[in-house]
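Okay, here's what each chain looks like letter by letter:
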Amino acid sequence: MGKIQNYVTGHWVDGKGEGNPLLDSVTGEIIGNATTEGLDFAEILHYGRTKGGEKIRRMTFQERGNMLKSLAMYLSNCKEQFYELSYRTGATRADSWIDIEGGFGNLFANASLRKLFPNQFYHVEGDPIDLSKGGRFMAHHILVPKTGLAIHINAFNFPIWECSKNVQ
């Protein structure tokens, strides 16, 4: 497999150096090397906040949901590749099912939430609230996209990671 690249700032990049070997937990064969050494994390966060976040915030609920649905469908069509890789971690097909197909199901479920919202990037929630006598001053909740950044940290409790840490 060689060196595993990182998808950051809109393109695939290698980390510096050789990286840490990831081992097949059954055969001990190195199936790839991974590293984030040399990546500019400040630039990655800036890109996520400005480029990626900006684009997603302009999307309607329908567009976001359809994007998730398309991703789930694409990944579902490639699921055997995920099972093959998961097998190399020491997991059986039954072990892998909840992570692989459960993950796809989670994407499909989140995508279906689009049906609860209008085809716009914001949502007006509930009825107006009268804050004054006679309705001269009122409030209404409006849900809008957040401007932050979510960071996913992968679980390192899989056998492939444990085996890889022990390589000298």
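Look up a bit, the structure's there.
Residues numbered from 1 in each chain as written. Predicted model: local features only at pLDDT ≥ 70, side-chain atom pairs only at ≥ 80, totals over all residues. Heavy atoms only, no water.

Considerations on the overall build of the protein
Check the secondary structure of the protein and you find five helices and seven strands. In sequence order, the secondary structure elements of the protein are arranged as β-β-β-β-β-α-α-α-α-β-β-α. Burial analysis of the protein (168 residues in total) assigns 23% to the buried set. The contacts in the protein between residues at least 6 apart in sequence include a share of 52% that link residues at least 24 apart. (Helix = DSSP H or I, 4+ residues; strand = E, 2+ residues; numbered from the N terminus. Buried < 20%, exposed > 50% of the residue type's maximum accessible area, 1.4 Å probe, protein only. Contact = heavy atoms within 4.5 Å.)

Structural notes on the nonpolar core
Of all hydrophobic cores here, the largest spans six residues; its members are Ala 72, Leu 75, Tyr 83, Ile 100, Phe 104 and Leu 107. Residue assignment for this core shows that the elements contributing at least two residues are α2 (61-77) and α4 (93-112). Once you skip the residues sitting within four places of it in the chain, Ala 72 turns out to touch Phe 104, Leu 107 and Phe 108. (Core = buried A, V, L, I, M, F, W, Y, C linked by side-chain atoms within 4.5 Å.)

Regarding unusual backbone geometry
Peptide bonds are mostly trans, and most non-glycine residues show a negative phi. Its identity is not glycine, yet Thr 9 carries a phi of approximately 45°, on the positive side. Relative to the assigned elements, Thr 9 resides in the loop between β2 (6-8) and β3 (11-13).

A look at helix α1 (residues 41-58)
Spanning 18 residues, α1 covers 25 Å between terminal C-alpha atoms, matching the ideal 26 Å at 1.5 Å per step. The sharpest bend along α1 measures roughly 35° and falls at Gly 48. Listed in full, the buried residues belonging to α1 are Ile 44, Gly 48 and Gly 53. Where the residues of α1 are buried, they touch β2. (Expected span 1.5 Å × (residues − 1). Bend = angle between axes of the 7 residues up to and from the residue.)

A look at the pattern of salt bridges
Tallied over the full model, the rule gives five salt bridges. Salt-bridge contacts for Arg 88 lead to Glu 29; the nearest nitrogen and oxygen are separated by 2.8 Å. Residue Arg 88 is located in the loop between α3 (79-87) and α4, and its partner Glu 29 is located in the loop between β4 (20-23) and β5 (30-34); the two are separated by 59 residues in the primary sequence. If you follow the salt bridges from partner to partner, you end up with Asp 24, Glu 29 and Arg 88 in one network. (Salt bridge = Lys/Arg side-chain N within 4 Å of Asp/Glu carboxyl O.)

Notes on the sheet that holds β4
Taken in spatial order, the three strands line up as β1-β5-β4 in an open sheet, and their pairing is mixed. Both outer strands of the open sheet, β1 (3-4) and β4, are each paired with one neighbouring strand and no more. Taken together, the two bridges between β1 and β5 define a ladder with parallel strand orientation. The residue of β5 that forms the bridge with Ile 4 is Ala 34. (Pairing = 2+ DSSP bridges.)

So, the packing of aromatic side chains
Scanning the entire structure with this criterion turns up four aromatic pairs. Taking the centre distance of 5.9 Å and the plane angle of 65° together, the rings of Phe 82 and Phe 104 count as edge-to-face. With Phe 82 in helix α3 and Phe 104 in helix α4, this pair connects stretches of sequence that are 22 residues apart. With a relative accessible area of 8%, Phe 104 lands in the buried category. For the pair Phe 121 and Tyr 122, a centre-to-centre distance of 5.4 Å together with 75° between the ring planes defines the contact as edge-to-face. Positioned above the aromatic ring of Phe 61 is the side chain of Arg 64, whose terminal nitrogen or guanidinium carbon lies 6.0 Å from the ring centre. For the cation-ring pair, Arg 93 lies above Tyr 83, with the distance from its terminal atom to the ring centre recorded as 3.8 Å. (Phe/Tyr/Trp six-rings, centres within 6.5 Å; stacked < 30°, edge-to-face > 60°. Lys NZ or Arg CZ within 6 Å of the ring centre and 35° of its normal.)

Structural notes on the side chain of Thr 60
Here Thr 60 lies in the loop between α1 and α2. If near-sequence neighbours (up to four positions away) are discounted, Thr 60 is found in contact with Asn 119, Gln 120 and Phe 121.

The values reported here are purely geometric and, on their own, carry no functional implication.
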